Amino acid sequence: MKVRLILGDQLSHSLAGLADATTDDLLLMCEVRQEATYVKHHKKKIAFLFSAMRHFAAELSDNGYNVRYIEYDDPENSGSLLGEVCNVTRQMEVSEVILTAPGEYRVSQDFAGWSRALGVPVTIRDDDRFLATPEEFATWAEGRKQLRMEYFYRDMRRKYCILMDHDGPIGGQWNYDAENRKPPATGLDVPDTFRAPVDAITQDVIALVETHFADHFGELSPFHFAVTRDQALVALEQFIAKRLQHFGDYQDAMIQGEPWMYHSHIGFYLNCGLLGPLECIERAEAAYHKGMAPLNAVEGFIRQILGWREYVRGIYWLKMPDYKAMNFLDAKRPLPDFYWTAETQMNCMRQCITETKQNAYAHHIQRLMVLGNFALIAGLDPDEVNEWYLLVYADAYEWVELPNVTGMILFADGGQMASKPYAASGSYINKMSNYCGSCKYKPAVKNGPTACPFNYLYWDFIERNAGKLRGNPRLGFMYKTLDRMGDDKREAFKDDTRRFFKAIENNEKV
Ligand code: FAD
Ligand code: DLZ
Ligand code: SF4
């Protein structure tokens, strides 16, 4: 008998490891402590994945397959993936174990030793649910001084013939990002996100998570994620019909009390396999051709999936394991407690952390320019920041989280991914959101107790890292401004920064 293990983020009927499955094989799925606690995932993330896994197992059974599904609270549950495969090989005559390559380096290292541990041949099949293989990415990267997403993305557009007009891009431009930076307008009627009904399977899982993961971060209710492919397809259709048209315009905008904005909220489903990247891209492209959404919106959305998503995966497999240890700016400050409690007077941070706690979701610009920007300019330790991002979001797996954190927000890779750090002062957040209006701090005030902390932390960051960043051509203007600044101004930034960190160390609410 062949055993085919399906991981929690491999919920695709077209999975390579299922390609030639027969009803004689055993399809194994398991909820294990190893995967649920290697970081203390958000409660909602665990409930989502366990429910989606149980629904997927039920679909496989309905299709006539022989499925063994190990539930988390099964008294016989060994707690590990290998332990569960081992149990099967002990109980049955197993000729081969078939795996699909995992999304995380950690698990791939583990899989490499399984054949010896089990005494059974183990085959690991490539995961073909992505649009570029790690080998293709490595070939593209070879000999390039800089690995810029934009050039990779153009090649992907050509390869899949997406938004193309003969040999060139539709509309004459590859990228319409410059049109996608509208600040939030007042009176926007943002459509609600998709809300799936909670069925008996999800109810059981929610009770299980409440019992076994009570000390994990985040809130379980309200729970409304899709947990089947059919539901995820409805979520995708709702995005295409209701939000895609404004995706471009308001891609970088943040509004208090609007956690979902015009984003698609499909990352959860893409990353666990309920949706495939090409079908999402093709749906958006079709909407453009039908006149349902403008080019800046459709190109912007497609670039996220065909460009960024594939690009960060390529970086991950090209650079691991060294990438995980990188700390170019030598950042060492521990993660402040308010990343867990949301108890801070910085309204932007409070909003984004509160929404993260509630939804296991924050949209891109909140992750990048609020939460990430603070982590960068405050000099937070990359290991602690990575752990936080990996556990708080329901779409987080290391292959996608790590390059976004280490590369995109922290510049901890020294610029392999981003050409300059995404550091910004309070005026950027004030321009792109309405958070500042309800804040104790004032974005226009540069120093003193009412000054926006992003303002002085920004200059302190620029000065603190001058040795490493001054040579960056994209920061030339900032260093010129710093050099022109009088000593008294510089001292004021430093004093405010010292006072701010001292307050955090003393557990005062900042
Ligand atoms: P939309 O804004 O609607 O975008 C559509 C899709 O494009 C997303 O679902 C996602 O699949 C893809 N995408 C967009 N941006 C990126 C990106 N930078 N990298 C990879 N894919 C992208 N995305 C994750 O899927 N998992 C993570 O753990 C994750 N961690 C992040 C951490 C930081 C610090 C930052 C700045 C970004 C991170 N992202 C991550 C990327 C992005 O923020 C999320 O993909 C997006 O917010 C998910 O929401 P959505 O589905 O509504 O996306
Ligand atoms: C994220 C996750 C969680 C919370 N639980 C499980 C689980 O119990 N069983 C499982 O097979 N997979 C789980 N996963 C997803 C894995 O962590 C994921 O497959 C690996 O990180 C590789 O990407
Ligand atoms: Fe955030 Fe500063 Fe605006 Fe307050 S004033 S919301 S801290 S950017």
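See the structure above.
Computed from a prediction, not measured in an experiment: that's the story for all the values here.

Participant: Got a sec to walk through the site of ligand 2? Specific residues and values, please.
Facilitator: Looking at ligand 2, there are 17 residues lining it, with Gly8, Asp9, Cys30, Val32 and Glu35 nearest. At a separation of 2.9 Å, an oxygen atom of ligand 2 approaches a polar backbone atom of Val32. Measuring from an oxygen atom of ligand 2, one finds a side-chain N or O atom of Glu104 at 3.2 Å. Here ligand 2 loses 100% of its free accessible area of 490 Å² to cover by the protein chains. When residues of the shell around ligand 2 are assigned to their parent elements, the largest contribution, three residues, is made by helix α2 (residues 43-62).

Participant: How would you sum up unusual backbone geometry? Please name residues and give values.
Facilitator: Residue Pro222 follows Ser221 across a cis peptide bond; omega there is 5°. Inspection of the secondary structure puts Pro222 in the loop between α8 (200-212) and α9 (229-247). Looking along the chain, the bond that leaves Met320 and enters Pro321 is cis, with omega of 5°. As for its placement among the helices and strands, Pro321 is situated in the loop between α12 (295-319) and α13 (338-341). Of note in this structure, His166 is not a glycine but carries a positive phi near 55°.

Participant: Any details on the environment of Arg350? Residues and values, ideally.
Facilitator: Secondary-structure assignment places Arg350 in helix α14 (residues 347-359). C-alpha of Arg350 to C-alpha of Tyr339: the two residues are 11 residues apart in sequence and 8.6 Å apart in space. Leaving out residues up to four positions away in the same chain, Arg350 has contacts with Ala342, Thr344, Gln345 and Ser438.

Participant: Tell me what's going on with the packing of α14 against helix α15 (residues 364-377), and back it up with residues and numbers.
Facilitator: Contact pair α14 / α15: the axes reach a minimum separation of 10 Å and the direction vectors enclose 115°. Crossing handedness for the pair α14 and α15: left-handed. Facing α14, whose interface residues are Cys348, Met349, Cys352, Ile353, Glu355 and Thr356, α15 presents Gln366, Val370, Leu371 and Phe374. A breakdown of the residues in the contact of α14 with α15 according to their chemical character gives seven nonpolar, two polar and one charged.

Rules behind the numbers
- Residues numbered from 1 in each chain as written.
- Chains lettered and ligands numbered in written order.
- Predicted model: local features only at pLDDT ≥ 70, side-chain atom pairs only at ≥ 80, totals over all residues.
- Heavy atoms only, no water.
- Near = heavy atom within 4 Å.
- Polar contact = N/O pair within 3.5 Å; in protein donor to acceptor, adjacent residues only side chain to side chain.
- Areas by Shrake-Rupley, 256 points an atom, 1.4 Å probe, with all protein chains shown as cover.
- Helix = DSSP H or I, 4+ residues; strand = E, 2+ residues; numbered from the N terminus.
- Contact = heavy atoms within 4.5 Å.
- Axes fitted to C-alpha atoms, helices over the stretch in contact; angles between N-to-C directions.
- Left-handed = near helix turned anticlockwise from the far one by under 90°.
- Nonpolar A, V, L, I, M, F, W, Y, C, P; charged D, E, K, R; others polar.

That is the geometry; function is a separate question.
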